[in-house]
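Fold and contact review
Take a look at the letters that make up each chain.
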4 protein chains.
Amino acid sequence: MPVPLVIDTDTAQDDCIALLAGLLDPRADLRAVTMVAGNVGFRRQLRNAFLTLNAAGRLGDVPVHAGCRRPLMRPWTGAENVHGDGVGGLTMDDTDQAAEDEHGVDALVRLAAEHPGELSIAAIGPLTNIASAALKDPAFASNVGTLYVMGGSNNGRGNITPAAEFNFYVDPEAAKAVFAAGFEIVVVPWHPLTLERAVFGPDTLTAIEELDTPLARFFTRVCGPTLEFDRSVGIDGTTHPDSLTAALALHPELLRAGGRYNVDVETSGEITRGYAAMSWGVHGLEPNATVVEDVDAQAFRDYLTGLLARPVEPRRPIAGV
Amino acid sequence: MPVPLVIDTDTAQDDCIALLAGLLDPRADLRAVTMVAGNVGFRRQLRNAFLTLNAAGRLGDVPVHAGCRRPLMRPWTGAENVHGDGVGGLTMDDTDQAAEDEHGVDALVRLAAEHPGELSIAAIGPLTNIASAALKDPAFASNVGTLYVMGGSNNGRGNITPAAEFNFYVDPEAAKAVFAAGFEIVVVPWHPLTLERAVFGPDTLTAIEELDTPLARFFTRVCGPTLEFDRSVGIDGTTHPDSLTAALALHPELLRAGGRYNVDVETSGEITRGYAAMSWGVHGLEPNATVVEDVDAQAFRDYLTGLLARPVEPRRPIAGV
Amino acid sequence: MPVPLVIDTDTAQDDCIALLAGLLDPRADLRAVTMVAGNVGFRRQLRNAFLTLNAAGRLGDVPVHAGCRRPLMRPWTGAENVHGDGVGGLTMDDTDQAAEDEHGVDALVRLAAEHPGELSIAAIGPLTNIASAALKDPAFASNVGTLYVMGGSNNGRGNITPAAEFNFYVDPEAAKAVFAAGFEIVVVPWHPLTLERAVFGPDTLTAIEELDTPLARFFTRVCGPTLEFDRSVGIDGTTHPDSLTAALALHPELLRAGGRYNVDVETSGEITRGYAAMSWGVHGLEPNATVVEDVDAQAFRDYLTGLLARPVEPRRPIAGV
Amino acid sequence: MPVPLVIDTDTAQDDCIALLAGLLDPRADLRAVTMVAGNVGFRRQLRNAFLTLNAAGRLGDVPVHAGCRRPLMRPWTGAENVHGDGVGGLTMDDTDQAAEDEHGVDALVRLAAEHPGELSIAAIGPLTNIASAALKDPAFASNVGTLYVMGGSNNGRGNITPAAEFNFYVDPEAAKAVFAAGFEIVVVPWHPLTLERAVFGPDTLTAIEELDTPLARFFTRVCGPTLEFDRSVGIDGTTHPDSLTAALALHPELLRAGGRYNVDVETSGEITRGYAAMSWGVHGLEPNATVVEDVDAQAFRDYLTGLLARPVEPRRPIAGV
Ligand SMILES: [Ca+2]
Ligand SMILES: [Ca+2]
Ligand SMILES: [Ca+2]
Ligand SMILES: [Ca+2]
């Protein structure tokens, strides 16, 4: 039976690939896409989401809700230096596309309440929407089935700073609040997990390019700028933490190892804003999340490659592919 | 012309008196009461609000909306040691009373959008609802006419800690976000302003008691516990920061002096959580609020006493008066 | 009997006047001047101290020790925008003057150990030297008789920021450590005390000018730049927190009111670095200092004016008077 | 030519083994042992140092200086739960042993000044003494040849908290100051380095036991309690970060890989006190330390085992071996 799913996203690069999983995988019953401030400009992210829906041949099928346009307390910090426009310059006519009237946070609250204990959420951007939903509706955390969170590092290195991964850095208050809210959480940490298991190196990228399907071409264009940035910081490949998160929400069999941790997020340090403290059980703290420690990297690559091999055609032309 | 007003409150003691102003003053067009986590338990606060509506003879006339039940990021901190139940033991049958279906934050957003630039808000509790509304609707801050905030101290002493006044202490992240959101703000600081201008000493309290109206008896009972607490900390009288805030929203003529300040709130200190930095113009910071520096204390006392003298009768019996 | 005294100073403007008190008052037995990083460049401060010794006719009589050239943990922050060179452009030939070989911290430790319980210290700069001495010698805090500290505000406004007074701002870690170290401390806070009781307005300044003694001319030149700065921030006169501190160490009769407080200093806030939390007794914290709340302002002015009236001649010429 | 060396230590368990290296290795010219507050009570640490000197047959040969008895700003935090008395219950008559009159910080300053650019320091406790020396003498940092620091983790896990390694946690202000002071620093991080390369597992421990020399018996007793604690937190062996640090100071050939990093230490976070941010070069920060990334683990084990095999006899009896 398909998994009722919401993807909460700051749509750029790997967020698009994660959306493809939610849109194309028969295991997914994607109820909504909710947008949160993060990678690139908010309007840009919305356009990227519509573009991705179209690339998957599903434009118009899945509602896109605009959520919070900035973090709980702080001004928005983006990562346009990493992502550019977030879709490698692809464009389409989206003048007729608009987000739903319903706010993203209200959509999250409503969808969770409609299926208490069943809804999975893949939260692959800053956690502002999720924290807001938990604040608004005290039942939200328990109504959600499982919250998959891409964020933090498991006692490893950050990316935007040595201490912090981008999603938690952008809205540390939201991240802290989410881990205190009582969700059933599965965390996909940036490092070591995704750097060791979810980087697509030259071979995989070539294999994808050679598929030469519309989706493969979409992938190659969209992930191009990340690849360039990654290489500049010593990572030889494209990074796929968001799509791994979506994949795990749909295919728990990809998980090879995980542990119960107490996860908390620093909101007040001078050099540690957004640092995730993941305590592995020796500090006397109550576990509040399962942290993914290992996945079947080959199966994950095969999974994504398989999706990209599908002969899906966009409903309207995309320029730049 | 009456002022369209929302009172955002953590209803206990002086919040009740502020509500009376909003309910009885002909200058007030009280559109809604929105409830925020603060002084005492949330359900208790709702009951206190209904009790106050009834005491003012207006039970059923003004919608009461439940807003955020905890701060943006932190667990709720109350002040039940100061306030007890918040109404001095008064009770009534309120089994038929319930908050509106619409969430307090949504009510705030809607009401401000319905009267762009006209709505006054008296925010006399922690700023969680206001911050959430500004987060949800980017137009909220400009839709609100004037936001009157009871909170912080103007380079003076706090109450819950040396550094911090209660409302900002409870949700410093919300307070910080509100001062950054672009509102037209008038701040009523705890100290020195309200300690010097809005404490009702023995003479005033006796005068109120001698009115012997239902409202005067309500006042005496409701404010009794505060009086006891205040005396234990060296303040000889009842404190009325919230009702002063409501009064200022309705009667700008009470204001004798105010200045443009840059106000910011500490969220990360070790001993300064919730401290409000009010910069008086010499630190090169852009003003974002008007801080009330002096009011006509006698006129304020006369104003409140005048309201309490009214021969209003509760619609249903209140036990304990 | 004269008070054995050390003045720990970041010598500029009012520090010079405080030194005059220590040098000229017969109640003072000034054992040493110790220099700490603060107002202006360290070498500049040393030169200002020698200049002041000379102005008092005591060059060569009192050892000057160089202490810490930066705060415990942070880079040095000065206030040259306020103080200029700290002596209004006065100069003398000081090529033969040098600080003692013994480090200021060692001198403090030694002098306190030589007179257990008797030595008074007037700490009128950042508390780096005092904190270092307490760290080096566990007996230092109890060996010192009374530590007079100019710093912080008593639930009032700061100067360098809304929250913080300069001395505590520059080295908050030292200030925090000092209040935890077990000293017998008397605090002279910037506000409201010294702004209300130790500002010399136009009348006093004119009276001093009219004395036309070498010391009065020294005063007028040295305090000139502060006066200009003070007026630019709305204070009509010269500020004398440091000389008030020295005066109180020598003349306890100037004290009119003081209270026992718990004083702690913020080291980690975002906007509250160096804020002094002075708890007046209602927060359940153990008192660790006496905070001066009122002084005899007229007697203080008379005291300083009296010192400046003395017909002391510098031992060597001072250019610029 | 032997390396002029000071070991700055909070002597317990592996600190003792590090001292053995400094005392027995012919490459070491151990000029002094300086004691800093850390693992166990200060007096206890001094006794442990004398015991270790005796175990090495060198009691009386090397001066032991007492340094700072608490961190720069904070109260002392120990780790007696991990270390017990720090020497596994061994005792000797040390009533005639006392620390030098000269304070540890002064000894550090003097020794560095005596051999500008030549002295190596192995700092294997909190950095209070080192920070104090750099504060006292502006030339200290450049007078020191190389400062070997055991502390922090290289984007890995802490020990006392998820975020922090013990030495930096105990005195984060000192650690931060040291990395800003301009030393030539080599960092030996707790994780991953020492957990992966400097844990002695059952085989090594058995091999040492079977040496059955006085020093081997000393090792087995002294490291016993750590072993027990380590096993309780999932580490199957004894941990040797301190002795690895001393070994690297004497045998650079043990180093297999290291990188230039910018290292900074968190002093103000809520859950990140003492976290070391080690930036590996992609964040635009200037390198200020070499972080050891890999060592020859086998050679290190052989090195220590070789030292323990020596037929050294204590000068006076040690009870408990
Ligand atoms: Ca994302
Ligand atoms: Ca209130
Ligand atoms: Ca000074
Ligand atoms: Ca150690």
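These numbers were taken from a predicted model, which means no experiment stands behind them.

**Quick look at the overall build of chain A**
Looking only at helices and strands, chain A has 13 helices and 11 strands in total. Relative to the 2.2 N^0.38 estimate, which gives 20 Å for 321 residues, the radius of gyration of chain A is 18 Å and therefore close to what a compact globule would have. The principal-axis extents of the C-alpha atoms in chain A amount to approximately 55 × 45 × 40 Å. Taking all 321 residues of chain A together, the buried fraction comes to 67%. Partitioning the intrachain contacts of chain A with sequence separation of at least 6 by distance along the chain shows that 84% fall at a separation of at least 24. Positive and negative side-chain charges of chain A, numbering 24 and 42 respectively, have mean locations separated by a distance of 3 Å.

**What about the interface of chain A and chain D?**
With 27 residues of chain A at the interface, the matching set in chain D holds 27 residues. When chain A packs against chain D, the two sides together hide about 2100 Å² of surface, and 59% of this comes from carbon and sulfur. Where chain A touches chain D, the interface holds two salt bridges. Here chain A is connected to chain D by 11 residue pairs in polar contact (both at pLDDT 80 or more). Sorting the residues of the side of chain A that touches chain D by element identifies strand S9 (255-265) and strand S10 (276-279) of chain A as the ones contributing at least two each.

**So, the arrangement of the chains**
For chain A and chain C, which are not in contact, the least C-alpha distance works out to 8 Å. Structurally, chain B and chain D remain out of contact, their C-alpha atoms never closer than 8 Å.

**As for the coordination of the calcium ion (ligand 1)**
All names here are of chain A. Each protein donor to the calcium ion (ligand 1) is listed here as Asp10 (OD), Asp15 (OD), Asp15 (OD), Ile124 (O) and Asp242 (OD); together their distances run 2.1 to 2.6 Å. Positions of the donor residues of the calcium ion (ligand 1), expressed as sequence spacing, correspond to D-x4-D-x108-I-x117-D. Placement of the pair is aspartate 15 in helix H1 (residues 14-24) and isoleucine 124 in the loop between strand S4 (119-123) and helix H5 (128-136), with a sequence separation of 109 residues. Each member of the pair, aspartate 15 as well as isoleucine 124, is classed as buried.

**Brief notes about the coordination of the calcium ion (ligand 2)**
Residues and elements named next belong to chain B. Taken together, Asp10 (OD), Asp15 (OD), Asp15 (OD), Ile124 (O) and Asp242 (OD) make up the protein donors of the calcium ion (ligand 2), found 2.1 to 2.5 Å from the metal. The sequence pattern formed by the donor residues of the calcium ion (ligand 2) is D-x4-D-x108-I-x117-D. Residue aspartate 15 is found in helix H1 (residues 14-24), and its partner aspartate 242 is found in helix H12 (residues 241-250); the two are separated by 227 residues along the sequence. One exposure class covers both aspartate 15 and aspartate 242, and it is buried.

**Overview of the packing of H1 of chain B against helix H13 (residues 297-308) of chain B**
Residues and elements named next belong to chain B. It is the contact of H1 with H13, at a shortest axis distance of 10 Å, that shows an interaxial angle of 70°. Viewed along their axes, H1 and H13 adopt a mutual orientation that is roughly perpendicular. Facing H1, whose interface residues are Ile17, Leu20, Ala21 and Leu24, H13 presents Tyr303, Leu304, Leu307 and Leu308. Grouping the amino acids of the contact of H1 with H13 by side-chain chemistry returns eight nonpolar, no polar and no charged.

**Here we look at the interface of chain B and chain C**
Contacts between the two partners involve 27 residues from chain B, matched on the other side by 27 residues from chain C. Carbon and sulfur atoms supply 59% of the area buried between chain B and chain C, which totals about 2100 Å² over both sides. Among the salt bridges present, the one from lysine 176 of chain C reaches glutamate 270 of chain B, with a minimum N-O distance of 3.7 Å. Between the two partners, chain B and chain C, sit 11 residue pairs in polar contact (both at pLDDT 80 or more). At three residues, the largest contribution of residues to the side of chain B that touches chain C is made by strand S10 (residues 276-279) of chain B. Residue composition of the side of chain B that touches chain C, grouped by class: 11 nonpolar, 11 polar and five charged.

Calculation notes
Residues numbered from 1 in each chain as written. Chains lettered and ligands numbered in written order. Predicted model: local features only at pLDDT ≥ 70, side-chain atom pairs only at ≥ 80, totals over all residues. Heavy atoms only, no water. Helix = DSSP H or I, 4+ residues; strand = E, 2+ residues; numbered from the N terminus. Rg over C-alpha atoms; globule rule 2.2 N^0.38 Å. Buried < 20%, exposed > 50% of the residue type's maximum accessible area, 1.4 Å probe, protein only. Contact = heavy atoms within 4.5 Å. Lys, Arg positive; Asp, Glu negative; His and termini not counted. Charge placed at Lys NZ, Arg CZ, Asp CG, Glu CD. Buried area = accessible area lost by both parts, 1.4 Å probe. Salt bridge = Lys/Arg side-chain N within 4 Å of Asp/Glu carboxyl O. Polar contact = N/O pair within 3.5 Å; in protein donor to acceptor, adjacent residues only side chain to side chain. Donors = N, O, S within 2.8 Å, 3.2 Å for Na, K, Ca; no water. Axes fitted to C-alpha atoms, helices over the stretch in contact; angles between N-to-C directions. Parallel < 35°, antiparallel > 145°, perpendicular 65-115°, else oblique. Nonpolar A, V, L, I, M, F, W, Y, C, P; charged D, E, K, R; others polar.

Take it as geometry only, folks, not as evidence of what the structure does.
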